[in-house]
Amino acid sequence: MNHQIATNEIKNPIERLLIFAIALLLAIVLATMTIRQFQVADPYVKSVLSLTGDQFQGSAIFQMNCAGCHISVGETQVGPNLHRVSERKSEFELIRQVTSGRTPPMPQFQPSPQEMADLLKYLQQI
Ligand code: HEC
């Protein structure tokens, strides 16, 4: 009975649309927050994000482990250019890219949390 009354009250299609839009927005915000919470709860990610990275250290790590694929040597370049990559990918996505090995031929790396924090700092500068 109550249900009937409630739906009848929202007759105006614009009002209905507005309510739908608000509900959708709320759902998106909630989902984003939940995902973020879930990501940050990962102990490795948590410790990486709690550390202060050193971009120079990160640069050295990059030269040794990553530049071979991510910097073009003559005509060939295996991996994509990482210029402004931090604008395309979140910190979590960058960490996952390096540690997951989910996109071969890029190998799975296992940097210590400090090394990962340094790399992250470096990736945010290029
Ligand atoms: C063997 C070659 C290789 C090495 C070594 C390598 N990568 Fe990659 N990387 C790739 C390839 C190929 C991709 C594209 C993967 C895809 O999305 O399909 C990639 C993608 C990425 C991306 C995502 C780029 C974007 O535009 O979304 C990041 C960030 C990245 N690599 C960082 C690194 C870092 C940091 C290292 C060193 C720790 C590293 N890579 C070492 C080959 C490599």
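A brief structural summary. (Residues numbered from 1 in each chain as written. Predicted model: local features only at pLDDT ≥ 70, side-chain atom pairs only at ≥ 80, totals over all residues. Heavy atoms only, no water.)

Description of the site of the ligand
- Close to the ligand lie 20 residues; Cys66, Cys69, His70, Arg88 and Met106 are nearest.
- Measuring from an oxygen atom of the ligand, one finds a side-chain N or O atom of Lys89 at 2.7 Å.
- Comparing atom positions with the cavity grids shows the ligand to sit within the largest pocket.
- If you list the elements that add at least two residues to the shell around the ligand, you get helix H5 (67-70), helix H6 (85-88) and helix H7 (91-100).
- Per-element tally for the shell around the ligand: the top contributor is H7, with three residues.
- Classifying every residue of the shell around the ligand gives 13 nonpolar, five polar and two charged. (Near = heavy atom within 4 Å. Polar contact = N/O pair within 3.5 Å; in protein donor to acceptor, adjacent residues only side chain to side chain. 1 Å grid on protein atoms, 1.4 Å probe; cavity = no way out; pocket = protein on both sides within 12 Å on 5 of 7 lines; lining within 4 Å. Sits in = over half its atoms within 2 Å of the grid points. Helix = DSSP H or I, 4+ residues; strand = E, 2+ residues; numbered from the N terminus. Nonpolar A, V, L, I, M, F, W, Y, C, P; charged D, E, K, R; others polar.)

Details of the layout of surface pockets
- By volume, the largest pocket amounts to about 420 Å³.
- As for the largest pocket, its lining consists of 23 residues, and the residues nearest its centre are His70, Pro80, Leu82, Gln97 and Met106.
- Elements represented by at least two residues in the lining of the largest pocket include exactly helix H4 (55-65), H5, H6, H7 and helix H8 (113-123).
- The dominant element in the lining of the largest pocket, judged by the number of residues it contributes, is H7, at three residues.
- Split into classes, the residues belonging to the lining of the largest pocket amount to 16 nonpolar, five polar and two charged. (Points joined across faces, edges and corners; volume = space filled by probe spheres on them.)

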